[in-house]
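Structural overview for review
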Amino acid sequence: KHKYYGSPRIRKELVNEYGKCISQKKVARLMRENGLNVKKKRKYMKTTDSKHDMPVCENILNREFNAAEKGQKWVSDITYLRSGDGWVYLTTVMDLYDRKIIGWALSDNMETLSTTLPALQMAFKNRCAQQGMIFHSDRGVQYCAQDLGAILKAL
(Lines give C-alpha, C1' and ligand atoms only; values in the text may rest on other atoms or scores of the structure.)
Protein backbone atom coordinates (compact mmCIF):
# COMPACT_ATOMS: atom_id res chain seq x y z
CA LYS A 1 0.00 0.00 0.00
CA HIS A 2 2.56 2.60 1.11
CA LYS A 3 5.81 2.89 -0.81
CA TYR A 4 7.60 5.36 1.45
CA TYR A 5 8.51 4.53 5.03
CA GLY A 6 9.88 7.18 7.36
CA SER A 7 10.87 6.72 10.97
CA PRO A 8 7.30 7.09 12.34
CA ARG A 9 5.93 4.36 10.07
CA ILE A 10 8.92 2.04 10.60
CA ARG A 11 8.63 2.45 14.38
CA LYS A 12 4.92 1.65 14.20
CA GLU A 13 5.70 -1.52 12.20
CA LEU A 14 8.38 -2.58 14.68
CA VAL A 15 6.07 -2.08 17.67
CA ASN A 16 2.83 -3.47 16.21
CA GLU A 17 4.10 -6.26 13.97
CA TYR A 18 7.23 -7.40 15.81
CA GLY A 19 6.59 -6.32 19.42
CA LYS A 20 9.83 -4.36 19.58
CA CYS A 21 10.11 -1.48 22.04
CA ILE A 22 11.95 1.36 20.29
CA SER A 23 11.63 5.13 20.11
CA GLN A 24 11.07 7.08 16.93
CA LYS A 25 14.26 9.05 17.63
CA LYS A 26 16.31 5.85 17.69
CA VAL A 27 14.72 4.62 14.45
CA ALA A 28 15.49 7.98 12.81
CA ARG A 29 19.10 7.82 14.06
CA LEU A 30 19.58 4.24 12.83
CA MET A 31 18.10 5.14 9.45
CA ARG A 32 20.43 8.15 9.18
CA GLU A 33 23.49 6.09 10.19
CA ASN A 34 22.66 3.48 7.55
CA GLY A 35 21.98 5.99 4.80
CA LEU A 36 18.26 5.27 4.63
CA ASN A 37 16.38 8.36 3.51
CA VAL A 38 12.71 8.84 2.88
CA LYS A 39 11.74 9.84 -0.65
CA LYS A 40 9.31 12.69 -0.27
CA LYS A 41 6.66 13.04 -2.90
CA ARG A 42 6.25 16.75 -3.52
CA LYS A 43 2.87 18.26 -4.14
CA TYR A 44 3.67 20.73 -6.86
CA MET A 45 1.52 22.58 -9.34
CA LYS A 46 3.09 24.72 -12.04
CA THR A 47 1.45 28.15 -12.20
CA THR A 48 3.94 30.20 -14.21
CA ASP A 49 4.34 29.59 -17.91
CA SER A 50 7.25 31.85 -18.86
CA LYS A 51 7.97 30.05 -22.13
CA HIS A 52 5.42 31.73 -24.35
CA ASP A 53 5.54 33.82 -27.51
CA MET A 54 3.75 36.86 -26.10
CA PRO A 55 5.58 40.17 -25.67
CA VAL A 56 7.06 40.60 -22.21
CA CYS A 57 7.43 43.98 -20.48
CA GLU A 58 10.78 44.93 -19.05
CA ASN A 59 11.27 44.77 -15.29
CA ILE A 60 11.18 48.44 -14.26
CA LEU A 61 10.43 47.70 -10.59
CA ASN A 62 14.07 46.55 -10.30
CA ARG A 63 13.50 44.89 -6.88
CA GLU A 64 12.50 48.20 -5.25
CA PHE A 65 9.64 46.79 -3.20
CA ASN A 66 8.83 49.99 -1.29
CA ALA A 67 6.52 52.80 -2.36
CA ALA A 68 6.32 56.33 -0.95
CA GLU A 69 2.57 56.70 -1.67
CA LYS A 70 -0.52 54.61 -2.31
CA GLY A 71 -1.12 53.60 -5.89
CA GLN A 72 2.50 53.89 -7.07
CA LYS A 73 3.54 50.22 -7.23
CA TRP A 74 1.30 47.18 -7.39
CA VAL A 75 2.47 43.58 -7.53
CA SER A 76 0.50 40.47 -8.41
CA ASP A 77 0.89 36.71 -8.36
CA ILE A 78 -1.10 33.51 -8.71
CA THR A 79 -0.88 30.61 -6.29
CA TYR A 80 -2.77 27.36 -6.04
CA LEU A 81 -4.67 25.80 -3.15
CA ARG A 82 -5.98 22.28 -2.72
CA SER A 83 -9.70 22.16 -1.98
CA GLY A 84 -12.22 19.36 -1.58
CA ASP A 85 -13.13 19.83 -5.25
CA GLY A 86 -9.54 19.85 -6.57
CA TRP A 87 -7.16 22.75 -7.22
CA VAL A 88 -8.27 26.37 -7.07
CA TYR A 89 -6.14 29.33 -8.11
CA LEU A 90 -5.84 32.49 -6.04
CA THR A 91 -4.69 35.66 -7.77
CA THR A 92 -3.79 38.65 -5.60
CA VAL A 93 -2.86 42.27 -6.27
CA MET A 94 -0.93 44.04 -3.51
CA ASP A 95 -0.09 47.74 -3.15
CA LEU A 96 3.54 47.94 -2.02
CA TYR A 97 2.86 51.15 -0.07
CA ASP A 98 1.07 49.40 2.79
CA ARG A 99 1.34 45.75 1.68
CA LYS A 100 -2.45 45.55 1.54
CA ILE A 101 -4.18 43.08 -0.80
CA ILE A 102 -6.39 45.40 -2.82
CA GLY A 103 -7.65 42.87 -5.35
CA TRP A 104 -8.07 39.13 -5.54
CA ALA A 105 -9.78 36.42 -7.57
CA LEU A 106 -10.43 32.75 -6.90
CA SER A 107 -10.78 30.49 -9.92
CA ASP A 108 -10.93 26.84 -10.90
CA ASN A 109 -8.74 27.47 -13.97
CA MET A 110 -5.65 29.45 -14.93
CA GLU A 111 -7.13 31.53 -17.74
CA THR A 112 -6.53 35.29 -17.75
CA LEU A 113 -10.27 36.02 -17.80
CA SER A 114 -10.69 34.07 -14.55
CA THR A 115 -7.52 35.07 -12.70
CA THR A 116 -5.64 38.28 -13.39
CA LEU A 117 -8.41 40.36 -14.95
CA PRO A 118 -10.94 40.07 -12.09
CA ALA A 119 -8.19 40.62 -9.48
CA LEU A 120 -6.97 43.72 -11.29
CA GLN A 121 -10.49 45.09 -11.74
CA MET A 122 -11.14 44.65 -8.01
CA ALA A 123 -7.87 46.42 -7.22
CA PHE A 124 -8.90 49.45 -9.31
CA LYS A 125 -12.28 49.55 -7.54
CA ASN A 126 -10.62 49.45 -4.12
CA ARG A 127 -7.77 51.89 -4.71
CA CYS A 128 -6.89 54.68 -7.11
CA ALA A 129 -3.74 54.23 -9.11
CA GLN A 130 -1.39 57.16 -9.59
CA GLN A 131 -0.36 58.34 -13.02
CA GLY A 132 2.59 56.14 -14.09
CA MET A 133 1.77 53.38 -11.61
CA ILE A 134 4.02 50.31 -11.93
CA PHE A 135 2.25 46.96 -12.16
CA HIS A 136 4.72 44.14 -11.52
CA SER A 137 4.23 40.39 -11.81
CA ASP A 138 6.05 37.31 -12.94
CA ARG A 139 6.16 37.07 -16.70
CA GLY A 140 3.65 34.26 -16.94
CA VAL A 141 1.22 33.98 -19.81
CA GLN A 142 -1.72 35.32 -17.74
CA TYR A 143 0.11 38.60 -17.21
CA CYS A 144 1.26 38.97 -20.82
CA ALA A 145 -2.18 38.54 -22.36
CA GLN A 146 -3.34 41.39 -24.59
CA ASP A 147 -6.58 41.69 -22.62
CA LEU A 148 -4.66 42.51 -19.46
CA GLY A 149 -2.43 45.08 -21.18
CA ALA A 150 -5.45 46.81 -22.70
CA ILE A 151 -7.25 46.98 -19.35
CA LEU A 152 -4.15 48.34 -17.60
CA LYS A 153 -3.84 51.09 -20.21
CA ALA A 154 -7.55 51.90 -20.06
CA LEU A 155 -7.65 52.08 -16.28
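The following paragraphs examine the structure supplied in this document.

The rules behind the values
- Residue indices begin from 1 for each chain and proceed along its sequence in written order.
- A pLDDT threshold of at least 70 governs which residues receive local features in this predicted model, and a stricter bar of 80 or more applies before side-chain atom pairs are shown or counted, although totals over entire chains, interfaces and linings include all residues.
- Excluding hydrogens and water, the side-chain values take into account all heavy atoms of the structure.
- Secondary structure counts use DSSP, requiring at least four H or I residues in a row for a helix and at least two E residues in a row for a strand, with both numbered from the N terminus.
- The rule is simple: take the accessible area with a 1.4 Å probe, protein chains only, and divide by the maximum for that residue type; under 20% is buried, over 50% is exposed, in between is partly exposed.
- Here, two residues are considered to be in contact whenever any of their heavy atoms come within 4.5 Å of each other.
- Each salt bridge in this description consists of a side-chain nitrogen of Lys or Arg and a carboxyl oxygen of Asp or Glu lying within 4 Å of one another.
- We call two N or O atoms a polar contact when they sit within 3.5 Å, provided that within protein one can donate a hydrogen and the other can accept it, with sequence-adjacent residues counted only if both atoms are side-chain atoms.
- The pairing criterion for strands is at least two bridges between them, as found by DSSP.

Attention now moves to the environment of Tyr97. Mapped onto the secondary structure, Tyr97 falls in the loop between β2 (86-95) and β3 (100-107). According to the relative accessible area criterion, Tyr97 is partly exposed, its value standing at 40%. On a C-alpha basis, the gap between Tyr97 and Asn66 in space is 6.2 Å, while along the polypeptide they are 31 residues apart. The contact partners of Tyr97, leaving out residues within four places of it in the chain, are Ala67, Ala68, Glu69 and Lys70.

The next thing to look at is unusual backbone geometry. For Arg99, which is not glycine, the phi dihedral falls at a positive 60°. Along the chain, Arg99 falls in the loop between β2 and β3. The partly exposed category is assigned to Arg99, whose relative accessible area is 42%.

Moving on to the pattern of salt bridges. Evaluated as defined, the whole model comprises three salt bridges. Across the pair Arg29 and Glu33 runs a salt bridge, and its minimum N-O distance is 3.0 Å. Of the two residues, Arg29 and Glu33 are both situated in helix α2 (residues 24-33); the distance of four residues between them amounts to about one turn of the helix. A residue is classified by how much of its surface remains accessible, and Glu33, at 54% relative accessible area, is exposed. Taken together, the shared-partner salt bridges connect Asp95, Asp98 and Arg127 into one network.

The residue Arg127 is located in the loop between α3 (116-126) and β4 (134-137) in this model. Of note is the side chain of Arg127, whose polar atom sits 2.9 Å from the side chain of Asp95. A polar atom in the side chain of Arg127 sits 3.0 Å from the side chain of Asp98. The contact partners of Arg127, leaving out residues within four places of it in the chain, are Lys70, Gly71, Trp74, Asp95, Asp98, Lys100 and Ile102.

This part is about the pairing of β2. Across 10 bridges, strand β1 (residues 73-83) lies against β2 in antiparallel orientation. Note on β2: the bridge partner recorded for Ile78 is Thr91. Hairpin geometry of β1 and β2 is characterised by an intervening segment of two residues between the two adjacent antiparallel strands. Pairing of β2 with β3, which is carried by seven bridges, proceeds in the antiparallel orientation. Residue pairing across strands places Val93 opposite Gly103, the latter belonging to β3. Linking β2 to β3, which pair antiparallel, is a turn of four residues; within it Arg99 sits at a positive phi near 60°.

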